[in-house]
Amino acid sequence: MARDRLFSSFRRGLAVDLGTANTLVYLQGRGIVLNEPSVVAIDARDGRPLAVGLEAKRMIGRTPAHISAVRPLRDGVIADFEICEKMLGYFIRRVHPSRLSKPEMVICVPSGVTGVEKRAVMDAAEAAGARQAWIIEEPMAAAIGAGLPVHEPTGNMVVDIGGGTTEVAVISMGGIVTSQSVRIAGDELDEAIIQFIKKEYSLALGERTAEEIKIALGSACTLQQEVSAEIRGRDLITGLPKTIVTTTEEIRDAIEEPVAAIVDAVKVTLDKTPPELAADIMEQGIVLTGGGALLHGLDARLAAETGMPIVIADNPLQSVAFGSGQCLEQLGVLSDVLMTSSR
Ligand code: ADP
Ligand code: MG
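Sequence order as written defines the numbering, with residues in each chain counted from 1. Written order decides the labels, with chains lettered from A and ligands numbered from 1. Owing to the predicted nature of the model, reporting of local features is limited to residues with pLDDT of at least 70; listing and counting of side-chain atom pairs is limited to 80 or more, with chain, interface and lining totals taken over all residues. For the side-chain quantities, the full set of heavy atoms in the structure was used; hydrogens and water were omitted.

(A) Layout of the site of ligand 1. Being near a molecule or strand, for a residue, means having at least one of its heavy atoms within 4 Å of it. By nearness alone, 16 residues border ligand 1, and Thr20, Ala21, Asn22, Glu211 and Lys214 come closest of all. The separation between an oxygen atom of ligand 1 and a polar main-chain atom of glycine 292 is 3.5 Å. Burial of ligand 1 by the surrounding chains reaches 90%, relative to a free accessible area of 580 Å². Computed over the protein atoms alone on a 1 Å grid, cavities are sets of points where a 1.4 Å probe fits but cannot get out and pockets are open sets with protein on both sides within 12 Å along at least five of seven lines; a residue lines them when it has an atom within 4 Å of a point. A cavity or pocket is said to hold a molecule if more than half of that molecule's atoms lie within 2 Å of its grid points. The cavity that encloses ligand 1 is the largest pocket. For the shell around ligand 1, the element with the most residues is helix α7 (residues 207-217), which contributes three residues. The term polar contact refers here to a pair of N or O atoms within 3.5 Å; inside protein, the definition further demands a hydrogen-donor-capable atom paired with an acceptor-capable atom, and it admits residues adjacent in sequence only when both atoms are side-chain atoms. Accessible surface area values rest on a Shrake-Rupley calculation with a 1.4 Å probe, where residue burial reflects the displayed protein chains alone. In DSSP terms, a helix is any run of H or I states spanning at least four residues, a strand is any run of E spanning at least two, and both are numbered starting from the N terminus.

So, in C-alpha cells, the structure goes:
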C-alpha cells in the first residue's frame, strides 16, 4: 500500500502551458507549481543561458551588448528552437528533479505552431525527461480550464488572448469546430503604446514599461473614470530621462488598432459558426482567457460589438495550464483531445 503510494508520487505527470509570454507547469495531484515568463537570457559569446524566467525578464532592455534576453516563442511560433528546448528542460527540472522516474507530460502549444514544431516540442519534452508527451491545442486547454463542457453537443466559444497570439475557437463534442489564430495580442498592444509615445512625445519607452502602462492605463472602451498618469522614458532628442503626462483616453486611442483587430477575429469566427452552435453561445456567452482578457473594458467592448454575453474566466492567466492539468488528471477521459508522441 505504502509502496504503491510512493510509486505513484514518483509517477506524477506534468502539464506545461508553453505560452509566448508565460510558461506554467501543473503537477499531477498538486496543481500549478510554476509560473514564469517565457524568457531566457543568453550569453551571445557562447550561447549559454545565463538566466531563465522572471530573472531573465528583469534583464529585458537592461543587458550589455553580449547578453540578449530572448523570448523563444514570441510570435506564437517557435522562433528559436534550441533556446525553447533549454527553457523547457530548465522549468521541468525545477519542478520534477527526480532522476528516478520519467513523468508523463501534456504540453500545450499555441495553435499556430506547425506539425514539425509540435514534433520538436515533444522531442524536447522527451529530452527533458518525459516518458511520453502529449500535445494539446491551446484553445481546447483554455476551454477545459475555463470549465466549459467541451464534450457536450453544445457550442462553446473561447477567446484566448496571450502575448503573441489571440486564439478564437468554437468547440463542441470534444473537437474544434472552427477557429482563428491571429498574431495580434498583448505584445502588439505594448508595441502600439511604444509607437504612440514616440510619435506624440518623442519619448523612447522600453518594452516592459509599455506593458506596465498597458496594464495600468490601457482600455478597450470608455471608462467611468478617465485618469492621467506620469510616465518616464528617454527623450529622443536630448537623450536624457524625461517624464510626461498621459491619459487613459490617449492610451486607449494608441491601442485601438490592435484591439479592433482582436474584436474582428472574434466576429469573423462567429460568422463562420453554424447557427445552432451560435445559439448555444448566445446562451452561455463567449469566455475570455489569457492575460489579454484582463484589459479594462474588453469584455464590454466585445459584448457591444458581437451582441453576445461575455464572461471573463476565473484566473484567465491560468486557464490553459489548468485545462492541460485536467487532461493529465483524466488522461483516459480526455485523451481524444490530445495528440500523442508515440511514433
Ligand atoms: P501567453 O499564453 O502567450 O504566454 P498570457 O496568457 O500569459 O500569454 O498573457 C500574457 C499577456 O497578457 C501579456 O501581453 C501581458 O501584458 C498581458 N496582460 C497581463 N495582465 C494584463 C492586464 N491586467 N491587462 C492587460 N493585459 C494584461
Ligand atoms: Mg497562453
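(B) Region of the structure containing empty space enclosed by the protein. Grid points are joined across faces, edges and corners, and a volume is the space filled by probe spheres set on the points. Under the counting rule described, the total for this entry stands at one cavity of 30 Å³ or more. Roughly 40 Å³ of volume is contained in the largest cavity. If you trace the largest cavity, you find it lined by Ile161, Leu189, Val259, Ile262, Gly292, Leu295 and Leu298. Note on residue categories: nonpolar means Ala, Val, Leu, Ile, Met, Phe, Trp, Tyr, Cys or Pro, charged means Asp, Glu, Lys or Arg, and polar means any other residue, Gly included. Along the lines of polarity and charge, the residues of the lining of the largest cavity split into six nonpolar, one polar and no charged.

(C) Quick look at unusual backbone geometry. A positive phi is found at serine 202, a non-glycine position, where the angle reads about 50°. Following the sequence through the fold, serine 202 ends up in the loop between α6 (186-201) and β12 (203-204). The partly exposed category is assigned to serine 202, whose relative accessible area is 25%. Backbone geometry at asparagine 315 places phi at a positive 45°, although glycine is not the residue there. With respect to the helices, strands and loops of the structure, asparagine 315 is situated in the loop between β16 (310-312) and α12 (319-329). Burial here depends on accessible area, computed with a 1.4 Å probe over protein chains only, as a share of the maximum for the residue type. Under 20% is buried, over 50% is exposed, and the range in between is partly exposed. A residue is classified by how much of its surface remains accessible, and asparagine 315, at 52% relative accessible area, is exposed.

(D) Region of the structure containing the sheet that holds β12. Ordered by their spatial adjacency, three strands build an open sheet running β12-β13-β14, and the pairing between neighbours is antiparallel. Looking along the sheet, the strands with just one partner apiece sit at the ends: β12 and β14 (241-247). When β12 meets strand β13 (residues 228-235), the two strands line up antiparallel, connected through two bridges. Residue pairing across strands places leucine 203 opposite aspartate 235, the latter belonging to β13. Any pair of residues with heavy atoms lying within 4.5 Å of one another is described as a contacting pair. Note on method: axes are straight lines fitted to C-alpha atoms, helices fitted across the in-contact stretch only, with angles between N-to-C directions ranging 0 to 180 degrees. Strands in contact with α6 are β12, β13 and β14; relative to β14, the strand with the most contacts, it is inclined by about 105°. Strand pairing requires that DSSP identify at least two bridges connecting the strands.

(E) Region of interest: the nonpolar core. Grouped together as the largest cluster of nonpolar side chains are 41 residues, with contacts concentrated most on Met157, Ile193, Ile197, Val259 and Ile286. Among the elements that take part in this core, α6 stands out by supplying seven residues, more than any other. Dropping the residues within four chain positions of it, isoleucine 286 is found in contact with Met157, Val159, Val266, Leu270, Ile281, Thr306, Met308, Pro309, Ile310 and Val311. Definition used in this section: a nonpolar core is a set of buried Ala, Val, Leu, Ile, Met, Phe, Trp, Tyr and Cys residues joined via side-chain atoms within 4.5 Å. Of all hydrophobic cores here, the second largest spans 31 residues; its members include Leu18, Leu88, Ile92 and Ala124.

(F) Here's a closer look at the side chain of serine 172. If you trace the backbone, serine 172 turns up in strand β10 (residues 166-172). When neighbours within four sequence positions are excluded, serine 172 is seen to be in contact with Val150, Glu152, Pro153, Thr154, Val177 and Leu277.

(G) Structural context of a nonpolar patch on the surface. The grouping of Leu294, Ile312 and Leu317 at the surface amounts to a nonpolar patch, some 250 Å² of accessible area in total. Among the structural elements, isoleucine 312 can be located in strand β16. For patch detection, residues must exceed 30% relative accessible area and be free of salt bridges, and they are connected within 9 Å for like charges or within 5 Å for nonpolar side chains (Val, Leu, Ile, Met, Phe, Trp, Tyr). The term salt bridge refers to a pairing of a side-chain nitrogen on Lys or Arg with a carboxyl oxygen on Asp or Glu at a separation within 4 Å.

(H) Representation of helix α11 (residues 298-306). Every buried residue belonging to α11 is among Leu298, Arg301, Leu302 and Thr306, and all of these are buried. The arc that holds every buried residue of α11, seen down its axis, measures 110°, which confines them to one face. As for α11, its buried residues are in contact with β9 (156-161), α9 (256-271), β15 (286-289) and β16. Once α11 ends, the next one or two residues include glycine 307, with phi positive near 75°. Regarding the arc, it is the one traced by the directions from the helix axis to the C-beta atoms.

(I) Expanded view of the pattern of salt bridges. Counting across every chain of the model gives 14 salt bridges. Its salt-bridge partner being lysine 57, residue glutamate 211 comes within 3.1 Å of it at the nearest N-O pair. Of the two residues, glutamate 211 sits in helix α7 while lysine 57 sits in helix α2 (residues 54-58), which places them 154 residues apart along the sequence. We note a salt bridge from glutamate 256 to arginine 301, for which the minimum N-O separation is 2.8 Å. In this pair, glutamate 256 is assigned in helix α9 and arginine 301 in helix α11, connecting sequence segments 45 residues apart. When its relative accessible area of 30% is taken as the criterion, glutamate 256 is described as partly exposed. Members of the salt-bridge network, linked through shared partners, are Glu256, Lys267, Arg301 and Glu305.

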